[in-house]
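# Structure at a glance
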Amino acid sequence: MEKMIEISGLKKSFGSLEVLSDIDLILEKGDNLAILGRSGIGKSVLTKCIVGLIEPDEGTIFVLGQEIGKMEYDDLNELRTRIGYLFQGGALYDSMSVKENLIFPMRKKKKLISKGELQDRVEEVLENVGLSEAIDKMPSELSGGMRKRIALARTLIKRPEIIFYDEPTTGLDPVTSGEISDLIVSVSEKYDTSSIIVTHDMKCARITASYLKLLEDGIFYAEGTYDEMASNEDLKVSSFFH
Amino acid sequence: MPLIGLTALIMGIVLTMQTRPVLVDFGAQAVLPGMISLSIIREIGPVITALLAAGKISSGFGAEIASMRITEQIDAMEVSGTNPIKYIVVSRVLATTFMLPVLVIFADFIGIYGSYIAINFTGNISLQLFTDQAINVLSFDDIIPAVIKTFVFGFFIGIIGCYKGYYANKGTESVGTAANTAVVVASISIFIIDLFAVQIMEMM
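Residues numbered from 1 in each chain as written. Chains lettered and ligands numbered in written order. Predicted model: local features only at pLDDT ≥ 70, side-chain atom pairs only at ≥ 80, totals over all residues.

## What to know about the overall build of chain B
Selection criterion: Runs of H or I in DSSP of at least four residues are treated as helices and runs of E of at least two as strands, each being numbered from the N terminus. Each residue is classified by how many other C-beta atoms fall within 10 Å of its C-beta atom, where C-beta atoms are placed from the backbone; a count of 20 or more means buried, 12 or fewer means exposed, and values in between mean partly exposed. Note on contacts: each residue gets a C-beta atom placed from the backbone, and two residues are in contact if those atoms are within 7 Å.
Within chain B, the regular secondary structure consists of 7 helices and 0 strands. When its helices and strands are written in sequence order, chain B yields α-α-α-α-α-α-α. C-alpha extents for chain B along the principal axes are approximately 70 × 35 × 25 Å. Out of the 204 residues belonging to chain B, those deemed buried represent 45%. In chain B, the proportion of contacts linking residues at least 24 apart, taken out of those at least 6 apart, comes to 87%.

Spelled out as structure tokens, the structure:
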């Protein structure tokens, strides 16, 4: 299987606080990995290290065959056009309409894509997230769930090979959380993406992930499929499931 | 624009009303238009306009960009393959660098004609005579260094606001902190730059 992400010996500290002690991870094509862990344990730090937003102290990270730490800034940005990242709060640009938000990641590809094709892509991704009618709205006019959907649409418009979901269901009601989880699954199937889902919502992890890893004390403390993890009797693991 | 126009108008009027009695005592009121225009163009116009811009623009940049930082909009930009420094910072710094001189010229104009209004509160001078007296004292040595100085003011107002916002800490509190420190640092920078600018002009 093609390795989409390969991490070995990753360490990251903030001052005296060691957040990631020794992380090894391989994400293969088509995999949907859920990273579980308590709030503040370093899940988002890990994903931000992978996309180059945070510089690790030690270790190597290969994304789509390229080592992040050794790349020039422009090359890294080029690689990032093949990666999607759904931020916890959506991170929609406040000053832009939904349509402008969706077009923004395509700025670099504007010369390669005709106006008509760009418009078709905007309409397609909005239809996929079920929000075609929101095209001219401003982010301030959207609910929390809608913002997450639009943020997902903005991620999809690039047709990424890997998508990171940072707490995709946090702050949403159970019904909307379920809808977002289903959307992640359908996106993965339709666009053939591999994904890493950072969450502590077990329902979301069960629906979306093909396997799970539990981050605890800076390492992956346990891993397996949802059923394997759910039957694990270790207190740190079982406390997540019961 | 309205804020700077109103401030410049009041500045011209107040400056004239406070200076005029002293000049009248020495029988030198004829030099008033020239003195006011020199003061405004060389010093007061650029500095007051820059301070207003620091209060409004630098704090605005600081708050806006800090807000983008804490809501992860800057991270989102970076992950989408866009250089946020180029997109957010460069455009704003260029705007302040090149637009502040325009605002200063506007403020100078309004300030000088504010003086004309003030003189006519108590005296009587024709617009033609006032304009002649105000312009005749000016030379390029007065105007060019003052204009160059405003480009530097504009650059620092932009870069300080953007820097404070861009490197804001996480948390909503940092938005206020970024706006506040941007104004303070930009205002102090204006005085320091002005001090050096005066020294350089003296040497030339």
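## Describing the overall build of chain A
The criterion, for reference: Throughout, radius of gyration means the C-alpha value; the globule benchmark is 2.2 Å times the number of residues raised to the power 0.38.
Helix and strand content of chain A: 9 helices and 10 strands. Here the C-alpha radius of gyration of chain A, 18 Å, is about what a compact globule of 242 residues would show, namely 18 Å. Principal-axis analysis of the C-alpha atoms gives chain A an extent of 55 × 45 × 35 Å. A buried classification covers 40% of the 242 residues belonging to chain A. Residue pairs at least 24 apart in sequence account for 64% of intrachain contacts in chain A once pairs closer than 6 positions are excluded.

## Topic: the sheet that holds strand β8 (residues 194–198) of chain A
All names here are of chain A. For clarity, the threshold we go by: Pairing between strands is defined by DSSP: at least two bridges between the two strands are required. Lines fitted to C-alpha atoms define the axes, with helix axes restricted to the stretch in contact, and inter-axis angles between N-to-C directions lie between 0 and 180 degrees.
Spatially, β6-β7-β8-β3-β9-β10 is the arrangement adopted by the 6 strands of the open sheet, whose pairing is mixed. Strands with a single pairing partner mark the edges of an open sheet, and in this sheet they are β6 (83–86) and β10 (219–224). Geometrically, the sheet is characterised by an average inter-axis angle of 20° between neighbouring strands, direction not taken into account. Here helix α5 (residues 144–156) sits on the sheet in contact with β6 and β7 (162–166), set at roughly 170° to β6.

## Focus: the interface of chain B and chain A
The line we're drawing: Side-chain classes follow a simple rule in which Ala, Val, Leu, Ile, Met, Phe, Trp, Tyr, Cys and Pro form the nonpolar group, Asp, Glu, Lys and Arg form the charged group, and the remainder, Gly included, forms the polar group.
Counting residues at the interface gives 11 residues for chain B, matched by 16 residues for chain A. Across the side of chain B that touches chain A, the residue classes break down as 2 nonpolar, 6 polar and 3 charged.

## Concerning the pairing of β8(A)
Residue and element names in this part refer to chain A. Across the 5 residues that make up β8, a large majority, 5, are buried. Side chains S194, I196 and V198 of β8 all project onto a buried face; the interleaved residues S195 and I197 project onto the opposite face, where all are buried too. Judged from the 4 bridges that link them, strand β3 (residues 32–36) and β8 form a sheet pairing that is parallel. Across the sheet, residue L33 finds its bridge partner in β8, namely I196. When β7 meets β8, the two strands line up parallel, connected through 5 bridges.

## Quick notes on the nonpolar core
The condition that has to hold: Definition of nonpolar core: a set of buried Ala, Val, Leu, Ile, Met, Phe, Trp, Tyr and Cys residues joined via C-beta atoms within 7 Å.
If you look at the biggest cluster of nonpolar residues, it comprises 114 residues, and the most contacted ones within it are A:A153 and B:I157. Ranked by residues supplied to this core, first place goes to helix α2 (residues 32–70) of chain B with 15 residues. Residue contacts for A:A153: discarding those within four places in its chain leaves A:L102, A:V125, A:L126, A:N128 and A:V129.

## Focus: the environment of A:D201
All names here are of chain A. On the secondary structure map, D201 appears in the loop between β8 and α7 (202–208). As for D201 and I7, which are separated by 194 residues in sequence, their C-alpha atoms are 24 Å apart. Ignoring anything within four residues of it in the chain, the contact list for D201 reads T169 and S177.

## Overview of helix α7 (residues 173–203) of chain B
All names here are of chain B. The test is simple: Expected helix span is computed as 1.5 Å times (number of residues minus one).
Along its 31 residues, α7 runs 45 Å from first to last C-alpha, staying within 8% of the 45 Å computed at 1.5 Å per residue. Those residues of α7 lying buried are S174, V175, A178, A179, T181, A182, V183, A186, S189, I190 and A197. Looking at the packing, one finds that the buried side of α7 touches α2 and α6 (140–166).

## Regarding the environment of A:K203
All names here are of chain A. Along the chain, the position of K203 falls in helix α7. Residue K203 is classed as partly exposed on the basis of its C-beta count, with 13 C-beta atoms lying within 10 Å. The spatial distance from the C-alpha of K203 to the C-alpha of S39 is 17 Å, given a sequence separation of 164 residues. If we ignore the near neighbours within four places in the chain, the residues touching K203 are S177 and S181.

## Comments concerning α2(B)
For α2(B), built from 39 residues, the straight-helix expectation of 57 Å at 1.5 Å per residue is met to within 8% by its first-to-last C-alpha distance of 53 Å. Remark: B:E72 follows α2(B) within two positions and exhibits a positive phi of approximately 65°.

## A few points about the confidence of the model for chain B
The predicted structure's coordinates, where accompanied by low pLDDT, should not be read in detail. Quick reminder of the rule: Think of pLDDT as the predictor's per-residue confidence, scored from 0 to 100.
The share of residues in chain B with pLDDT of 70 or more is 100%, and the mean pLDDT across the chain is 89. Taken together, the chains of this predicted complex give a pTM of 0.84 and an interface ipTM of 0.86.

## Some words on unusual backbone geometry
Residue and element names in this part refer to chain A. A positive phi angle, close to 50°, is found at L64, a residue other than glycine. Tracing the backbone shows L64 in the loop between β4 (58–63) and β5 (66–67). Residue class for L64 comes out partly exposed when judged on the 15 C-beta atoms lying within 10 Å of it. Even without being glycine, R159 reaches a positive phi, approximately 55°. Within the secondary structure, R159 sits in the loop between α5 and β7. Note on R159: 14 C-beta atoms within 10 Å, which makes it partly exposed.

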